[in-house]
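Commentary on secondary and tertiary structure
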Amino acid sequence: MRNQSAVNDVVLEAHELGKEVSSPEGSLTILSGVSFRIAAGASVAVVGPSGAGKSTLLALLAGLDLPTRGHVVLNGVNLSDLDEDGRAGVRADSVGFVFQSFHLVPSLNALENVMLPLELAGHKDARKAAREIIEKVGLGDRWSHFPAQLSGGEKQRVAIARAFAAEPAVLFADEPTGNLDSRTGANIMELMFELNRSSSTTLVLVTHDNGLAERCNRILSLDAGRLQSDSEAAA
Amino acid sequence: MKAVVFALRSFGRELRSGEVVVLLAAVGLAVGALTAVGFLTDRIGKAVARQANEVLAADLRLRSQEPVPSEWSELAAEYGLDTAETLAFPSVVFAGDASALSTIKVVSEQYPLRGAVRVADQMFGEQREVDGIPEPGEVWADGTLLARVGADVGDMLSVGEIDLRVSAVLTYRPDQSIGFASLAPSLLMNIGDIERSGLIGEGSRVSYALLVAGDAQAVTDFNDAIESELPDSVRIRSQEESSERAYNAADRAQRFLSLTAIISLLLSAVAVAMSARRFAHKRMDTVALMKSLGATQRFVIAVALVQLVLLGIIGVLIGSIVGYAAEEILSRILADLFAGELPNPGLRPVVLASGSAMVLLLGFALPSLIQLRNTPPLRVLRHDAMPPAPSRLLVVGLSLAAVAALLYRSVGDARMLLVLIGGILVIAAALYLVGRALVAVIGRFRSGVGVAWRYGLANVARRGRDSAVQVVAFGLGLTVLLLLTLVRTDLLEGWRQTLDADAPNHFLINVQPHELESVGALFENNGIPAPDFTPLVRARMTLINGESVKDREYPNEDGRWLANREANLSWTAEMSSSNELLAGEWWPADYDGPPLVSIEEDAAENAGLSIGDTLSYFVAGRDIEAEIASIRKINWDSFQPNFFFVLSPGALDGMPTTYISGLKIEDEQKSMLIDLVRAHPSISVIDLGAILQQVRGIIEKASVAVQAVFVFTLAAGIAVLFAAVQSTIDERRFESAMLRALGARRRTVFSGVMAEFAALGMAAGILAAAGASILAYVVAVQLFKLPYEFSPLLWVVGLTAGVFVVCISGFFAARGAVNSAPVDVLRGTAG
Ligand SMILES: Nc1ncnc2c1ncn2[C@@H]1O[C@H](COP(=O)(O)OP(=O)(O)O)[C@@H](O)[C@H]1O
Ligand SMILES: [Mg+2]
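Below you will find a few notes about this structure. Treat the numbers as computed from the prediction; the structure is a model and nothing was measured. (Residues numbered from 1 in each chain as written. Chains lettered and ligands numbered in written order. Predicted model: local features only at pLDDT ≥ 70, side-chain atom pairs only at ≥ 80, totals over all residues. Heavy atoms only, no water.)

A short note on the overall build of chain B
Regarding its fold elements, chain B presents 23 helices and 22 strands. Across the 831 residues that make up chain B, the buried fraction comes to 55%. Across chain B, every contact between residues at least 6 apart in sequence was considered, and the portion connecting residues at least 24 apart equals 82%. Split by element, the accessible area of chain B, about 35,200 Å² in all, is 56% carbon and sulfur. (Helix = DSSP H or I, 4+ residues; strand = E, 2+ residues; numbered from the N terminus. Buried < 20%, exposed > 50% of the residue type's maximum accessible area, 1.4 Å probe, protein only. Contact = heavy atoms within 4.5 Å. Areas by Shrake-Rupley, 256 points an atom, 1.4 Å probe, with all protein chains shown as cover.)

Side note on the environment of B:Ala604
All names here are of chain B. Within the secondary structure, Ala-604 sits in helix α17 (residues 601–607). We classify Ala-604 as buried; its relative accessible area is 5%. For the pair formed by Ala-604 and Gly-559, sequence separation is 45 residues and the distance between their alpha carbons is 8.2 Å. Setting aside anything within four residues of it in sequence, one finds Ala-604 in contact with Ile-599, Leu-609 and Ile-631.

Quick look at the side chain of A:Lys54
All names here are of chain A. With respect to the helices and strands, Lys-54 occurs in helix α1 (residues 54–61). Among the polar contacts listed, one links the side chain of Lys-54 to the backbone oxygen of Gly-48, at a separation of 2.9 Å. Once residues within four sequence positions are removed from consideration, Lys-54 is found in contact with Val-46, Val-47, Gly-48, Pro-49, Glu-175, Val-206, His-208 and Leu-222. (Polar contact = N/O pair within 3.5 Å; in protein donor to acceptor, adjacent residues only side chain to side chain.)

With respect to the sheet that holds strand β8 (residues 202–206) of chain A
All names here are of chain A. Read across the sheet, six strands follow the order β6-β7-β8-β3-β9-β10 without closing on themselves; strand pairing throughout is mixed. Each of the sheet's edge strands pairs with one partner strand only, and the pair in question is β6 (95–98) and β10 (226–232). In this sheet, neighbouring strand axes are inclined to one another by 15° on average, regardless of whether the strands run parallel or antiparallel. Inspection of the sheet shows strand β3 (residues 43–47) paired to strand β9 (residues 218–223) by four bridges, in the parallel sense. Each residue of the ladder has a partner; that of Val-44, found in β9, is Arg-218. Sheet contacts for helix α5 (residues 152–165): β6 and β7 (170–174); angle to β6, the most-contacted strand, approximately 175°. Here helix α6 (residues 182–198) sits on the sheet and contacts β3, β7 and β8; the angle it forms with β8, its principal contact strand, is near 155°. (Pairing = 2+ DSSP bridges. Axes fitted to C-alpha atoms, helices over the stretch in contact; angles between N-to-C directions.)

Remarks on the nonpolar core
If you look at the biggest cluster of nonpolar residues, it comprises 130 residues, and the most contacted ones within it are A:Leu12, A:Leu57, A:Leu61, A:Phe172 and B:Phe299. The residues that make up this core include at least three from each of domain 1 (1–54 + 250–412) and domain 3 (427–503 + 686–831) of chain B. If we skip the residues at most four places from it in the chain, A:Leu57 touches A:Leu17, A:Leu31, A:Val34, A:Phe36, A:Val46 and A:Leu222. (Core = buried A, V, L, I, M, F, W, Y, C linked by side-chain atoms within 4.5 Å. Domains from an automatic or database assignment.)

A short note on the packing of helix α3 (residues 110–120) of chain A against helix α4 (residues 126–136) of chain A
Residues and elements named next belong to chain A. Taken N-terminus to C-terminus, the directions of α3 and α4 make an angle of 125°; their axes are 9 Å apart at the nearest point. Relative to α4, α3 is oriented oblique. Relative to α4, α3 is oriented so that their crossing is right-handed. On the side of α3, the interface is formed by Ala-110, Leu-111, Val-114, Met-115, Leu-118 and Glu-119, while α4 contributes Ala-126, Arg-127, Ala-129, Ala-130, Arg-131, Ile-133 and Ile-134. Within the contact of α3 with α4, the residues separate by chemical class into ten nonpolar, no polar and three charged. (Parallel < 35°, antiparallel > 145°, perpendicular 65-115°, else oblique. Left-handed = near helix turned anticlockwise from the far one by under 90°. Nonpolar A, V, L, I, M, F, W, Y, C, P; charged D, E, K, R; others polar.)

Here we look at the packing of α3(A) against helix α1 (residues 2–14) of chain B
Each pair of packed helices can be described by the angle between their axes along with the distance between the axes. Packing of α3(A) against α1(B) brings their axes to within 12 Å, and their N-to-C directions diverge by 170°. One way to sum up the angle between α3(A) and α1(B) is to call them roughly antiparallel. Along the contact surface, α3(A) presents A:Glu112, A:Met115, A:Leu116, A:Glu119 and A:Leu120, while α1(B) presents B:Lys2, B:Phe6 and B:Arg9. Class assignment of the residues belonging to the contact of α3(A) with α1(B) gives a composition of four nonpolar, no polar and four charged.

This is the structure in structure tokens:
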């Protein structure tokens, strides 16, 4: 059940998040004392220098990994209360991803890649829904191509289509333009913002690019595993 | 359900990836080898057993001193078996005034049920196989018999009260006992004539037999049914007891095939394990992605399992086709060995092979799949996030269980299985330890070499455990390849040599002491070296350690039979070269103390005799007591005259003695045998040529079969090499891209990779040569009971092959890796 917290329509909440890993030189703190709430429909940029802990934070928020301290509440559910399959269930229902290196399944064609999360979520007519969204990202005529036959930009479009297909509550993107040239990157981001606007999806975008960050409602700035600033941008 | 749909959807494309090809090849090879070897072992076993059965002229023989009641032959008919009747008895045969003692063999229409009778149209002439028996009124007579009575083909012989025409010279009948005692030359006669001859009456010493043959299962059932019912006077003989020689040959043929089967299977298993590991590894990214998209563990494992089972099915199909093709080819090669109707293998091999393939896949691939299930979804963001390694206990337990299950089914020889698994495990462990040591040593050398070698050697050292594992894989594959190519040849050679071309093909028996000189001279006059004669004294064993042989307890029935039957004794100062002393001591050449006896190992075991026991014999009215001084093993393949009981010199002095001799007589020299038997009518000549040819045939064909099956093993070995090289291909691709991005020329990178493979290959080669030497020794001495000499060739070939084969495989693996565009690889977008 959705937890109606103090602030209305909070879709994602980080509570004193901390992550430590053990390394040969002893324990290493990657993230500590990170707290924030994100309202439904918002677009949030996570910025910071390389190694700041952005990807780690993203992994914790999406339940790909568990924090060593604090907890995450996603769409009203405390992720720390769930086992791995439970968290997978939450992701199937309410999370989408776009990655820096695309991560398409090489043995499935573009359409089948887009169908994947729909089917995992038990969508009734996955094929039709996938066809529609693949049309929307401008690959209507290339749906039968396999990843190896697509360019980087096209692969990322497929990935975006896949991420939005199941109409997730939250979409996480980790440097989605990192492997693309700047023109293609700009097109991709345009597409993402557009889809974000036209759906009720919340966007959490990790990026180096200040220009991109500025187009979001809110910027979380991370350094050495700590939250440095949290600013509302005028969008 | 979703999982099945997903598995099927991506399956087509997965099929094209390298590791799937290796996995399929491995499964297919395993199934193919299993089908073909299973088929061969089965058929060769049956064919050889059948040849062994020739010695009985049947599958089963019921022998009695009285006519075998007709109820038994009726019962045999009910079991769908063929039967024939025979009678044998000694009788004097006349031709005019001349007479000679003969063994009259009276047979019914179907005789022989196994094997064939051979005759010639003139004495010592060209022999041919015949179908059937002499017509009523006719006989086929042994050449020796004809010589003794001065008759020839076409003449009449008086047998009892009737005269019968000699229509052919009998040269071979399958059940002519090759135990060369008391054999009077034989006369084959139609059962229709026996009544008229008046030879069967009160007091005649007739041995009756009912011969039975047919489907193996029916024979066994029939045997079981009658065993307890038969009166004591009827003795059953089956093939195991009947021919030690043919049986030995069959046994070895099966062992060679089993060895090949085991090795093909183990290699396939290694290849399956390695490619399954990579299969799982390559799927980790996809699994992590699917998990990040919300897939459960059950879903991902279901997908992988469905795909694996599909691969298994395809592998089985490929393997079955290959196996059937091999069957077809092999049964053509071996056509005359399999002569006669043999059961069609039908679907059985396919069912068995499918089962085996699944066991192989589950045992060797499942641990990797279980690991796959635990892939952390975090891997989508951090590529180095890995699932925990599967528990060693699980990996080792599952694979050992699978191997044991498969091998036991296909080999069914527990001892051989243990020796081989043991040997291979020891070698693998040793290889691993030495591999690690070697890897450490290699690291030290790298400061003294050029950049390419430094890179290569650094790689070997850096990969530590992986390098050692690769050395083990290469080494194991090579060990087996060496074992099969060089050692197999050595073993087969050794085996053939036990039946050297100079093996005697004739026996002379019943040579009187005063004839020794003239017989020797006769041979020398015909350009044949005078044969060695071995004395023979017929005796009866009376007491063992003072206890009557009749009352004594024996470990088994064979022992009782041996102790109670008439014994053939011999004496000699020096042990025959075809014997090997197992226990005790051989007497000195000039020994003249109290009588000692040396006994054969099986005789000792069956009759429960050991060194120090005393045996009492009754010989020609005198008692002799001899103490057992040694136990010998007899190489029956030598075809030399051999005795269960051999006494010390002097022990049998003054006893009625005849001599026997084994000698080699070429076909063109055979005519002298006519002179021999004319001049010495009491001597019998037994032609062993046919039997020798039989045994040689088995050996030759079995070795062809082994070589044919060896093709599977070779292919499986190569699959292992490929799987091993492939398992590092991603890493290599990445490294080479990195080096090239840093400015290294393609050639430099390539030389480095080759240097690495050369080092690994050398290490594997050294280890394999050592391993093969040790295993070969164990296999030769322990299993095949053949002498084995260590061969330096093994080392030369091992090292060369190691470097060569590994470098070639490496070349193909590295070529792709070195040629990938660095930018794609480094971005992780290649493919
Ligand atoms: N499991 C881990 N083990 C060791 N170090 C880790 C682990 N996860 C992250 N780190 C380290 O934590 C730091 C933050 O990583 P990351 O979240 O990927 O940073 P960013 O995405 O901001 O570049 C890096 O120095 C990284 O090497
Ligand atoms: Mg990052």
